[in-house]
Every structure is written in structure tokens, then in C-alpha cells.
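Read off the chains here:
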Amino acid sequence: MMRKIFIVVCMCLLTLNVDAQRPKGTFSLVPRVGACIANLSNNEVVVTLSGSNGNETVIKSKYNPRFAGGLDLEYQAFPLTSFSVGAFYSQQGCRFSDFEQKEKDVMVSTDQYREKFDYVQLPLMVNQYVMEGLAIKVGVQFGFLVNARVSYNETNFTLKNDGTREVDSKLKTDVDVKDFRRQFDFSIPIGASYEYMNVVLDLRYHLGFCSTYKDKSLPKEKNRFFTFTVGYKL
């Protein structure tokens, strides 16, 4: 679904008229701020849902919107081609839908399940201008983990004969999991940008290649995320 949205936005950018390119041999600094919409591949939990007669169900993680911001230094090497290097703070991770499961004789409701991984990202991009102001871009990106936490709320309850719930306990969990996660990440960003009167709209999809876990026996969860930023070219 997110990839389809990305393709539609890129097609919309092709319909816009924009101003002229920067002269060959010039540098530009582009501060950016926006959103990171992130998920992890192969990330799931197996639970015994209430009313499932003891059958296990797989719940997959979903995309979660968070913050992204930073800056690019762009060099116009040729009339239609530029190169850029950037530094970004990217809040990634994922979320899970709320669910209820049975643990022994107690029902447990879990909500607000979030995995929050924050990175400093260093992208190296090639920007190919296909028309005035409109660039298609691809590159490589190196990420360094700054913070990694898992948080969720749990409510233990029992079902009475009349169908009402009696809450036994509530627990809020927020755990630092950085020691279990790989400190380095590598991804391939692809995207498009549109510039008008020095304002730059930038959309990128980032395909991660490294598992986020240090332990090789654990699932190969890899970062998958979009960034949409608004910048100003100086």
C-alpha cells in the first residue's frame, strides 16, 4: 500500500511546472524537516487471541509515522546532474494493532505497542533532473543507532459470567533494547524531489539491507521506511 502511494506521488510531481536549475559548479545547503513513516520487515508476534479456541494467530507490525529532519549539501556537477551528502535524524520503528490474548486462566489486553528506533542517517545521493526543478534520485545511506525502545500497555482482567470484565492489574512497560540491536544500518534510498522558489519537497523510500538484531539466530528484521520532507535551498 505504501509503495503504491509513493508511485502516485511521483507521478503527480511529473505534472508540475518549476523554475530553473542552479548553475553548474554551485553548492546549495538544504535544511529539511518532515515525517518518517517506518516499519520492519519480518516483524510479527504470535498470540492466542481471545475467542480463538486456543489457536495461535500471527500479528504483523504496521507502518508508524514519526519525525525526520536534517540537511543536505548539494553540488550541481552538471546541468542536469547533482550530487548530495546529508545528515538526518530519523525516528523509525513500527507499531502493532491492539490485541487481547489468553495467558493461562487470565486475559491480557495489549495496546499502544510501539518499537522506537532512532538513527542518525548519512545519505549519499545522485540527483538526475528530468525537467526543470524535478529530480529523480538514488543513492546509499549509512545509519547509526542512537536510541531503541519498546513500549506497550498491558491490562490483566477476568471475564465474569455476565460478560463484564474485572480488571486485575495494569502495567505500562517502556524498555531500552539498544543493547540487543545492531548499531549500524545500511539502506538504499530512492525517490523524487520538486523545487519551486527554493522550496524543496522530497519523498524517498528506504530499503534496508541489515537485520536490526545483533543475534543472527533471531528474525532478520530490516528497516523499511519512507521520508517526506520540506526543505529550503540556500
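These numbers were taken from a predicted model, which means no experiment stands behind them.

1. What to know about empty space enclosed by the protein
Rolling a probe over the atoms, with the probe sized like a water molecule, indicates the empty space that remains. Under the defined criterion, the tally for this structure stands at three cavities of 30 Å³ or more. Considering only enclosed or pocket space, the largest cavity measures out at about 110 Å³ in volume. As for the largest cavity, its lining consists of 13 residues, of which F88, Q141, R204, H206 and T227 are closest to the centre. When residues of the lining of the largest cavity are traced back to their parent elements, those giving at least two are β5 (81-96), β7 (106-131), β11 (199-211) and β12 (222-232). Counted by class, the lining of the largest cavity contains four nonpolar, six polar and three charged residues. Here the second largest cavity defines a volume of roughly 60 Å³. Lining of the second largest cavity is provided by V30, R32, E74, Y129, G133, K137, S193, E195, V200 and K233. Of all elements in the fold, only β1 (27-40) and β10 (184-196) reach the threshold of two or more residues within the lining of the second largest cavity. Each residue belonging to the lining of the second largest cavity can be placed in one class, and the counts come to three nonpolar, two polar and five charged.

2. Describing the packing of aromatic side chains
Counted according to the given criterion, the structure contains nine aromatic pairs. Between F142 and F186, the ring centres sit 5.6 Å apart and the planes meet at 50 degrees, which makes this aromatic pair tilted. Of this pair, F142 sits in strand β8 (residues 134-159) while F186 sits in strand β10; the two residues are 44 residues apart in sequence, bridging distant segments of the chain. The exposure class assigned to F186 is partly exposed, which follows from its relative accessible area of 23%. Taken together, the ring pairs in this structure connect F142, F144, F184, F186 and F209 into an aromatic cluster. Its end group placed over the ring of Y213, R181 keeps NZ or CZ at 3.8 Å from the ring centre.

Calculation criteria
Residues numbered from 1 in each chain as written. Predicted model: local features only at pLDDT ≥ 70, side-chain atom pairs only at ≥ 80, totals over all residues. Heavy atoms only, no water. 1 Å grid on protein atoms, 1.4 Å probe; cavity = no way out; pocket = protein on both sides within 12 Å on 5 of 7 lines; lining within 4 Å. Points joined across faces, edges and corners; volume = space filled by probe spheres on them. Helix = DSSP H or I, 4+ residues; strand = E, 2+ residues; numbered from the N terminus. Nonpolar A, V, L, I, M, F, W, Y, C, P; charged D, E, K, R; others polar. Phe/Tyr/Trp six-rings, centres within 6.5 Å; stacked < 30°, edge-to-face > 60°. Buried < 20%, exposed > 50% of the residue type's maximum accessible area, 1.4 Å probe, protein only. Lys NZ or Arg CZ within 6 Å of the ring centre and 35° of its normal.

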